[in-house]
Amino acid sequence: MAVRPSGWRLSNRFGRQPLTVGAARWGRRTEGHRIDPATSVPLTFDGRADLVLAPGEEAVSDPVPGAVAAGDAFALSLHLPYDTGLATFSVVASETGYAAAGDVTAEAALPDAELLEVSRYFVSGVDVLAPEGTAIAVAFGDSWMEGAGTTPGADARFPDQLNRLLDRGWVVNQGISGNRLLTDEIGEAALTRVHRDVLDVPGVTHVLLNFGLNDLGSPGSIDPGAPQPLPTAADLIEGYRELAALLKAAGLTVVAHTIGPYAGTVYEGYDTEEGRAIRREVNEWIRTTDTFDAVTDVAAAVEDPDDPERILPAYDCGDHLHLNDAGTLAMARAVDLSYLKL
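Fair warning: this is a prediction, and the values are worked out from it, not measured in the lab. (Residues numbered from 1 in each chain as written. Predicted model: local features only at pLDDT ≥ 70, side-chain atom pairs only at ≥ 80, totals over all residues. Heavy atoms only, no water.)

Engineer: Give a description of the pattern of salt bridges that names residues and reports values.
Structural biologist: Applying the stated criterion to the full structure yields 17 salt bridges. Between Arg-48 and Asp-50 there is a salt bridge, and its shortest N-O distance comes to 2.9 Å. When its relative accessible area of 30% is taken as the criterion, Asp-50 is described as partly exposed. A salt bridge links Glu-273 to Arg-276, with the nearest nitrogen and oxygen atoms 3.9 Å apart. Of this pair, Glu-273 and Arg-276 are both found in helix 6 (residues 273–288), three residues apart, which corresponds to roughly one turn of the helix. Connected via shared salt-bridge partners are Glu-95, Asp-155, Arg-157 and Asp-160. (Salt bridge = Lys/Arg side-chain N within 4 Å of Asp/Glu carboxyl O. Buried < 20%, exposed > 50% of the residue type's maximum accessible area, 1.4 Å probe, protein only. Helix = DSSP H or I, 4+ residues; strand = E, 2+ residues; numbered from the N terminus.)

Below, the structure written as structure tokens:
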């Protein structure tokens, strides 16, 4: 199904000084840093080729011509003529980028570029015009949504895997590695960022929730010498209820994921007996509550049947906390696709 691009979204939301974009172009990516020059198109913003975003501001480019289809690969090139200061970025996007000196936005290749292996800067998304009735789901959560542990540049993140299973509709990746349901630390907490990252997504109809891992692990791993108190199961359950009520009030279909296993993780202070017990209690509540429209039992899909507190070795990226490419595929296959339709 072909759809027409509407506009690219750029962000200086967390910047501390103005961000100047001297030029921007997009084109069909062929391989690595190469694009098809015949498809390279300049972007404009209110008719201008350049853009200045004040701290906290975001912008959408003017609509661009042409048609795209699910699975097409495109590259966005930005010329940043001045020091950007603190960047708004996705730290573990598992997507390959490239940086080179000067305005090379119109170049077909960047052979001397610096490799940006997993992070993505200043780009928050791209809008497309899709046929009426297209279901749009937001994958809202932590590193298990964002894609930490998967092969960079391979489009093997959970939302990518799920998109390949869908006959119609699309899943938008709004995962932040390290993100929590209840507490700001790495990115704003889910209950804080839900308006911007879910409710403001154009055309959103569904949301997939994957939270809890960092609420249970981060209080110990950020400072193993002085771990913070863990939230109780009741705290997490109340957070889930508040989030679900907000999303349902907006008319969205809410699908919750159980919290995946992480025993034996290499991150010091993350894995505790107390945290494991809370995970089991919260997961049992998720499986049995009527708070959500549907539940995906991610934990059951990826756990080692001989030791359910651990990720199955075939699905473990190696740190015993994140899934590899096969693990995210198993996670996607656990989703009941009938809930992702209008």
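Engineer: I'd love a proper account of the environment of Phe-211, names of residues and values included.
Structural biologist: Topologically, Phe-211 is positioned in the loop between strand 17 (206–210) and helix 4 (213–221). You can call Phe-211 buried: its relative accessible area is 1%. Separated by 30 residues in sequence, Phe-211 and Leu-181 place their C-alpha atoms 5.7 Å apart. Apart from the residues within four sequence positions on either side, Phe-211 is in contact with Phe-140, Gly-141, Asp-142, Asn-179, Arg-180, Leu-181, Ala-190, Arg-193, Tyr-240, Leu-243 and Ile-259. (Contact = heavy atoms within 4.5 Å.)

Engineer: Give a detailed account of unusual backbone geometry, specifying residues and quantitative values.
Structural biologist: At Ser-94, a residue that is not glycine, the phi angle is positive and equals roughly 55°. Secondary-structure assignment places Ser-94 in the loop between strand 10 (89–90) and strand 11 (97–99). The backbone phi angle of Phe-122 is positive, close to 70°, even though this residue is not glycine. You can see Phe-122 is positioned in the loop between strand 13 (120–121) and strand 14 (123–129).

Engineer: Describe the side chain of Ser-61, naming the residues involved and giving the relevant values.
Structural biologist: The residue Ser-61 is located in the loop between strand 7 (58–60) and strand 8 (68–69) in this model. On the basis of relative accessible area, Ser-61 is assigned to the buried category, the value being 5%. Leave out the neighbours within four places in its chain, and Ser-61 touches Ser-6, Gly-7, Trp-8, Leu-43, Thr-44 and Phe-45.

Engineer: Could you give me a rundown of the side chain of Thr-205, with the residues and numbers involved?
Structural biologist: Its place among the elements puts Thr-205 in the loop between helix 3 (190–199) and strand 17. The buried category is assigned to Thr-205, whose relative accessible area is 16%. When sequence neighbours within four positions are dropped, the list of residues in contact with Thr-205 reads Thr-134, Ala-135, Ile-136, Gly-251, Leu-252, Thr-253 and Leu-342.

Engineer: A description of the sheet that holds strand 17 should follow, citing residues and the corresponding values.
Structural biologist: Spatially, five strands are ordered 16-15-17-18-19 in an open sheet, and the strand pairing comes out parallel. A strand with exactly one partner marks an edge of an open sheet, and here the two such strands are strand 16 (170–175) and strand 19 (294–296). Going from strand to strand, the sheet's axes swing by 20° on average, the running direction of each strand aside. Together, strand 15 (136–141), strand 16, strand 17 and strand 18 (253–257) form the strand contacts of helix 2 (residues 158–165), whose direction differs from that of strand 16 by roughly 175°. Against the sheet, helix 3 engages strand 15, strand 16 and strand 17, with an angle of about 155° to strand 15. (Pairing = 2+ DSSP bridges. Axes fitted to C-alpha atoms, helices over the stretch in contact; angles between N-to-C directions.)

Engineer: Can you explain the nonpolar core? Please cite residues and give values.
Structural biologist: Nonpolar side chains tend to gather and get buried jointly when the protein is soluble and globular. Residues Phe-140, Val-198, Tyr-240, Leu-243, Leu-247 and Phe-292 are the most contacted members of the largest nonpolar core, which totals 54 residues. For this core, the leading source of residues is helix 5 (residues 233–249), giving seven residues. Residues within four places of Leu-247 in sequence aside, it is in contact with Val-194, Val-198, Leu-199, Val-207, Leu-209, Leu-252 and Val-254. Formed by 15 residues, the second largest nonpolar core is a distinct cluster that contains Leu-10, Leu-51, Ala-59 and Phe-122. (Core = buried A, V, L, I, M, F, W, Y, C linked by side-chain atoms within 4.5 Å.)

Engineer: Describe in detail the pairing of strand 15, supporting the description with residues and values.
Structural biologist: Within strand 15, six of the six residues are buried, which leaves it mostly tucked inside the rest of the structure. Where burial is concerned, the two faces of strand 15 agree: the one with Ile-136, Val-138 and Phe-140 and the one with Ala-137, Ala-139 and Gly-141 are both buried. As paired elements, strand 15 and strand 16 share six bridges and run parallel to each other. For Ile-136, the partnering residue across the bridge sits in strand 16 and is Trp-170. Where strand 15 lies against strand 17, five bridges are found, and the strand directions are parallel. Across the sheet, the residue bridging to Gly-141 is Asn-210, located in strand 17.

Engineer: If you had to explain the packing of aromatic side chains to someone new, which residues and values would you point to?
Structural biologist: According to the stated counting rule, one finds nine aromatic pairs in the structure shown. Centroid distance Trp-26 to Phe-74: 4.7 Å. Interplanar angle 45°. Geometry classified as tilted. Residue Trp-26 is found in strand 3 (residues 23–31), and its partner Phe-74 is found in strand 9 (residues 74–79); the two are separated by 48 residues along the sequence. On the basis of relative accessible area, Trp-26 is assigned to the buried category, the value being 7%. Seen from their ring centres, Phe-140 and Phe-211 are 5.1 Å apart, and the 75° between their planes marks the pair as edge-to-face. With Phe-140 in strand 15 and Phe-211 in the loop between strand 17 and helix 4, the pair connects residues that are 71 residues apart, well separated along the chain. Grouped by ring-pair contacts, the aromatic residues Trp-8, Trp-26 and Phe-74 constitute a single cluster. (Phe/Tyr/Trp six-rings, centres within 6.5 Å; stacked < 30°, edge-to-face > 60°.)

Just geometry here; none of it tells us what the structure is for.
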